Amino acid sequence: MERIFSGVQPTGNLHLGNYLGAIRNWVRLQSQFECLYCVVDLHAITVPQDPLELRANTREVTAGLLAAGIDPTNNIIFNQSQVSGHSELAWIFNCVARLGWLNRMTQFKEKAGKRRDNATVGLYAYPNLMAADILLYQATHVPVGDDQKQHLELTRDIAQAFNSMFGVDFFPEPEPVIMDDAARVMSLRNGASKMSKSDESDYSRINLTDDGDTIALKIQKARTDPDPLPYSAEGLEGRSEAENLIGIYAALSDTSIAETCDEFGGENFSKFKSRLTEVAIARLVPIGEEMRRLAGDVSYIDSVLSEGAERARHLANPVLNEVKRIVGLL
Ligand code: AMP
Ligand code: TRP
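Residues numbered from 1 in each chain as written. Chains lettered and ligands numbered in written order. Predicted model: local features only at pLDDT ≥ 70, side-chain atom pairs only at ≥ 80, totals over all residues. Heavy atoms only, no water.

## Topic: the site of ligand 2
Piece 1. In the neighbourhood of ligand 2, 13 residues make up the surrounding shell, with G7, Y126, M130, D133 and Q148 lying closest.
Piece 2. Measuring from an oxygen atom of ligand 2, one finds a side-chain N or O atom of Q9 at 3.5 Å.
Piece 3. Q148 places a polar side-chain atom, nitrogen or oxygen, 2.9 Å from a nitrogen atom of ligand 2.
Piece 4. Bound to the protein, ligand 2 loses 90% of the 370 Å² it would expose on its own.
Piece 5. Those elements giving two or more residues to the shell around ligand 2 turn out to be β1 (3–8), α7 (121–135) and β4 (141–144). (Near = heavy atom within 4 Å. Polar contact = N/O pair within 3.5 Å; in protein donor to acceptor, adjacent residues only side chain to side chain. Areas by Shrake-Rupley, 256 points an atom, 1.4 Å probe, with all protein chains shown as cover. Helix = DSSP H or I, 4+ residues; strand = E, 2+ residues; numbered from the N terminus.)

See the structure below:
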């Protein structure tokens, strides 16, 4: 059976990049696969977290997934720390993965920076926990962005190494599901940097909780260049801001960049921006409103997470028991 597992960090301030780069794809996949979507709070604590904020962000991200249209009855939505099997299997993988493999992980190098000795052991072992997330459910497919491909490769190496260490054919090697189109949404103020929650300027991003007026203002102020829109995608070469806005329009209206250039070629940005604003408002405002409604219903969010965790445990326990048997743990 084909099973999807994916994880999202509980960082606050979900924005258009998170939506087009990740959440929207999760929404689509739910009709084709059995899906488990996990808010990875144990991954979050590999770097310092404020406890109150961590709890709030876990709920906010959950609300974002629900508001975007993921159905918690047909899929399993839960937070990682409620299913102890993730930590247990991660420990076993700590005893399978090699230092040399983890030393190659570029995300650790980036996140640890120059003060590597000061990074937590958890940050270093992060990819083993991610492998445990996926393999605990014997997931076959994992939707991930570019930055996580190396971790998924490592997951496949760990699955293989476990199988060969114990002479079993137990863990499948999960396949990446490549995200399409607007996989990278850029800042509205600078076409060379990614839209990010950590950008100082709130005008650089559209937050999922922005209201219609705010979205309109941010699009109106978005940086462009003086030329009219090109007639074809080739004409976007070297025009990163135009490319970004056209990419966003295409993704939000479920068309392609080529069709968008066809539609707006030769027009000036002001006309295009007003269409983009309409499309963005139609698509995003209902999500923002639902997120705000859900923010006022903490007990509902918590019940989704605990019911999800219950169902996740049900799938995880037999796998974990079998792993323990294979390893020789009584
Ligand atoms: P982050 O909040 O950076 O941990 O990202 C959470 C998810 O959203 C990941 O799957 C990222 O790949 C995706 N994501 C974040 N920022 C962007 C962006 N600017 N464009 C596309 N995807 C993004
Ligand atoms: N490491 C991923 C990120 O930072 C989140 C994640 C944790 C994940 N466990 C996962 C993604 C398992 C896919 C599958 O975005």
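## Topic: the packing of aromatic side chains
The relation between two aromatic rings is expressed through the spacing of the ring centres and the mutual angle of the planes.
Piece 1. One pass over the full model with this rule turns up 13 aromatic pairs.
Piece 2. Centre to centre, the rings of F93 and F171 are 5.7 Å apart; their planes meet at 75 degrees, and the pair counts as edge-to-face. Linking F93 in helix α4 (residues 85–94) with F171 in the loop between α8 (149–166) and β5 (175–178), this pair joins segments that are 78 residues apart in sequence. For the residue pair F93 and F171, the accessibility class agrees, reading buried in each case.
Piece 3. Arranged with centres 5.0 Å apart and planes meeting at 80 degrees, the rings of F264 and F272 form a pair that is edge-to-face.
Piece 4. When its relative accessible area of 0% is taken as the criterion, F272 is described as buried. (Phe/Tyr/Trp six-rings, centres within 6.5 Å; stacked < 30°, edge-to-face > 60°. Buried < 20%, exposed > 50% of the residue type's maximum accessible area, 1.4 Å probe, protein only.)

## Examining α4
Given 3.6 residues per helical turn, the α-helix brings residues three or four places apart onto the same face.
Piece 1. Turning to α4, its buried residues are G85, H86, L89, A90, I92 and F93. An end-on view of α4 places all buried positions within 160 degrees of arc, on one side of the element.
Piece 2. Looking at the buried side of α4, the elements it contacts are β1, β2 (34–39), β3 (76–79), α7, α8 and α13 (298–327). (Arc of directions from axis to C-beta. Contact = heavy atoms within 4.5 Å.)

## Regarding the nonpolar core
Piece 1. In this structure, L16, Y19, L252, F272 and L284 are the most contacted members of the largest nonpolar core, which totals 55 residues.
Piece 2. Counting residues per element, this core draws most heavily on helix α12 (residues 269–295), at 10 residues.
Piece 3. Residues from two domains meet in this core; each of domain 1 (3–183 + 298–327) and domain 2 (202–293) gives at least three.
Piece 4. Residues contacting L284, with those up to four places away along its chain left out, are L16, Y19, I206, L208, I215 and L252. (Core = buried A, V, L, I, M, F, W, Y, C linked by side-chain atoms within 4.5 Å. Domains from an automatic or database assignment.)

## Brief notes about the pattern of salt bridges
Piece 1. With the rule as written, the count across this model stands at 19 salt bridges.
Piece 2. Salt-bridge contacts for K149 lead to D146; the nearest nitrogen and oxygen are separated by 2.7 Å.
Piece 3. A residue is classified by how much of its surface remains accessible, and K149, at 35% relative accessible area, is partly exposed.
Piece 4. D146 gets classed as exposed once you look at its relative accessible area, which sits at 62%.
Piece 5. Through salt bridges that share partners, E153, R156, E173 and E175 make up one connected network. (Salt bridge = Lys/Arg side-chain N within 4 Å of Asp/Glu carboxyl O.)

## Here we look at α13
Piece 1. Look at α13: 41 Å from first C-alpha to last across 30 residues, which is about the 44 Å you get at 1.5 Å a residue.
Piece 2. Residue A316 marks the point of greatest curvature in α13, where the axis turns by about 30 degrees; the proline P318 follows within four residues.
Piece 3. Buried within α13 we find I301, V304, L305, G308, A309, A312, A316, V319, L320, V323 and I326.
Piece 4. Once α13 finishes, G328 follows within two positions and takes phi at roughly 95 degrees, a positive value. (Expected span 1.5 Å × (residues − 1). Bend = angle between axes of the 7 residues up to and from the residue.)

## Side note on the domain arrangement of the chain
Piece 1. Examined at the domain level, the chain breaks down into domain 1 (3–183 + 298–327) and domain 2 (202–293).
Piece 2. Centre-to-centre, using C-alpha coordinates, domain 1 lies 31 Å away from domain 2.
Piece 3. Facing 15 residues of domain 1, the contacting portion of domain 2 comprises 14 residues.
Piece 4. Interface area for domain 1 against domain 2, summed over the two sides, is near 1200 Å², with a carbon-plus-sulfur share of 71%.
Piece 5. Looking at the side of domain 1 facing domain 2, the largest losses of area belong to L16, Y19 and A67, adding up to 42% of the total buried there.
Piece 6. Inspection of the region where domain 1 meets domain 2 yields one salt bridge. (Buried area = accessible area lost by both parts, 1.4 Å probe.)

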